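# Survey of secondary and tertiary structure
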Amino acid sequence: MNTVPLAHYLALASALFAIGLAAVLIRRNALLIFMGVELMLNAANVTFLAFARNLNDAAGHSIAFFVIAVAAAEAAIGLAILIAVFRTRNTINVDEVDALKY
Amino acid sequence: MTPLLAAAVAEGVIFYPLAILTLAGAFTMILSRNPVYAAMSLVLTFFGIAAIYVLLSAELLAALQIIVYAGAIMVLFLFVIMLLNITEAEMGKQRITVGAVVGGAVALVFWMLSYTVFEGLPNQEMPTQLAANFGEVVGVGRILFTQFILPFEATGILLLVAIVGAVVVAKAKI
């Protein structure tokens, strides 16, 4: 059989995670930072599903389900916070939004 | 369904172009100046990941990926981008600072480390014969409602709290 080995799926997941990490560390726009976080969550999901198939155990599928649900909640809350910050500070550049209390 | 897919020699033929497409979308996301372009390339990445889920015989998760990520979350992102109506000046110039270089180096080191760990794993072939209902609604639902029933209920509460919290936080006057 000519299936793709587990390591190649994991390599793809680690590359996606690294790109998401770079987005979080490099970009100054809070929207892009959120997109990087989403990308990292997706990379974790790819890892879960690759191991689930490799071990023939569908428990990883339910973990990936929970990750998607938490990501949806995180996106809703995060974007609401972004709107609130933009309304008061008129910027979403994370370098300029550096005070917790004002 | 699953043994058929696994038996197809085409898995590699599908996987590698798909992986390149997914990574290209992610790279375009991180490099684009305009947030709308970034969101659009992220949609491409999410579709690629959904197709990879299908290759991993996770049909339910692939459908959820398209509905929740490529659908709901990215619509939310685009909605916020257009609601904020950020001009170039407000967005802040993306400069190549010391922090950005260090961040890129950290990400690169992380990728090299994880890749080394994954390459060190014994070269495991994927099983071609999977359990019945693997990755389908019946199989995943059975696990969700037996083994993971408490986290499942907690997820419902979490989503409710998130919805209420998002409405309260985004309200004009708190």
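Details of the structure are given in the entry above.
A few points on the structure. Everything quoted here is computed from the prediction, not taken from an experiment.

### Quick look at the overall build of chain B
Assigned secondary structure in chain B consists of eight helices and zero strands. Traced from its N-terminal end to its C-terminal end, chain B shows the element sequence α-α-α-α-α-α-α-α. Here chain B, with 174 residues, has 39% of them falling under the buried criterion. Of the contacts made within chain B by residues no fewer than 6 positions apart, 63% connect residues no fewer than 24 positions apart.

### Focus on the nonpolar core
Counting 79 residues, the largest nonpolar core has Tyr9, Leu31 and Met35 of chain A as its most contacted members. Of all the elements in the fold, those that place two or more residues in this core are helix H1 (6–26), helix H2 (30–55) and helix H3 (59–89) of chain A together with helix H2 (11–31), helix H3 (35–55), helix H4 (59–84), helix H6 (98–120) and helix H7 (137–146) of chain B. Beyond its immediate chain neighbours, meaning those up to four positions away, Leu31 of chain A contacts Leu79, Leu82 and Ile92 of chain A together with Phe77, Val80, Ile81 and Ile86 of chain B.

### Topic: the interface of chain A and chain B
Residue-level contacts link 72 residues of chain A with 86 residues of chain B. With both sides pooled, the region where chain A packs onto chain B buries about 7400 Å², and carbon together with sulfur makes up 75% of that total. Counting the surface chain A buries against chain B, the share from its top three residues, Met35, Arg53 and Ile68 of chain A, is 10%. Our count for the chain A to chain B interface comes out at zero salt bridges. Across the chain A-chain B interface, the total number found is nine residue pairs in polar contact (both at pLDDT 80 or more). Breaking the side of chain A that touches chain B down by element, the ones donating at least two residues are H1, H2 and H3 of chain A. Of the residues in the side of chain A that touches chain B, the class split is 51 nonpolar, 15 polar and six charged.

### Thoughts on H2 of chain A
Each full turn of the α-helix corresponds to 3.6 residues, which orients residues three or four apart in the same direction. Residues and elements named next belong to chain A. Compared with the 38 Å implied by 1.5 Å per residue over 26 residues, the 38 Å span of H2 between its first and last C-alpha is a close match. With respect to burial, H2 is a largely interior element, 19 of its 26 residues being buried. Its side-chain oxygen placed 3.1 Å from the backbone nitrogen of Leu31, Asn29 serves as the N-cap of H2. Remark: Asn56 follows H2 within two positions and exhibits a positive phi of approximately 60 degrees.

### Some thoughts on the packing of H3 of chain B against H4 of chain B
All names here are of chain B. Between H3 and H4, the shortest axis-to-axis distance is 9 Å and the interhelical angle comes to 175 degrees. The orientation of H3 relative to H4 falls into the category roughly antiparallel. Residues Pro35, Val36, Ala39, Met40, Leu42, Val43, Phe46, Phe47, Ile49, Ala50, Tyr53 and Val54 of H3 form the contact with H4, whose own contacting residues are Leu61, Ala62, Gln65, Ile66, Tyr69, Ala70, Met74, Leu78 and Ile81.

Each value, and the rule that gives it
The residue numbering used here restarts from 1 in each chain and proceeds along that chain's sequence as written. Lettering for chains starts from A, numbering for ligands starts from 1, and both go in the order in which the items are written. Whole-chain, interface and lining totals are the exception, using all residues; otherwise, since this is a predicted model, local features are given only for residues with pLDDT of at least 70 and side-chain atom pairs are given and counted only at 80 or more. The side-chain figures draw on all heavy atoms in the structure; neither hydrogens nor water molecules are used. Comment: elements are numbered from the N terminus, with helices defined as DSSP H or I runs of at least four residues and strands as E runs of at least two. Classification of residues uses two cut-offs on accessible area relative to the type maximum, computed with a 1.4 Å probe and protein chains only: under 20% is buried, over 50% is exposed, and between them is partly exposed. Contacts: residue pairs with any heavy atoms within 4.5 Å of one another. Joining through side-chain atoms within 4.5 Å is the link that ties buried Ala, Val, Leu, Ile, Met, Phe, Trp, Tyr and Cys residues into a set, and such a set is a nonpolar core. Simply put, the buried area is the total loss of 1.4 Å probe accessible area from both parts when two parts are fitted together. Any carboxyl oxygen of Asp or Glu that lies within 4 Å of a side-chain nitrogen of Lys or Arg is treated as forming a salt bridge with it. Side-chain atoms alone can form a polar contact between residues adjacent in sequence; in general such a contact is a pair of N or O atoms within 3.5 Å, and within protein one must be able to donate a hydrogen while the other accepts it. All residues other than Ala, Val, Leu, Ile, Met, Phe, Trp, Tyr, Cys, Pro, Asp, Glu, Lys and Arg, Gly among them, are scored as polar; the first ten of these are nonpolar and the last four charged. To estimate how far a helix should reach, multiply one less than its number of residues by 1.5 Å. Axes, fitted as lines to C-alpha atoms, cover a helix only where it is in contact. Angles between the N-to-C directions of the axes lie from 0 to 180 degrees. An angle counts as roughly parallel when it lies under 35 degrees, as roughly antiparallel when it exceeds 145, as roughly perpendicular when it falls between 65 and 115, and as oblique in every other case.

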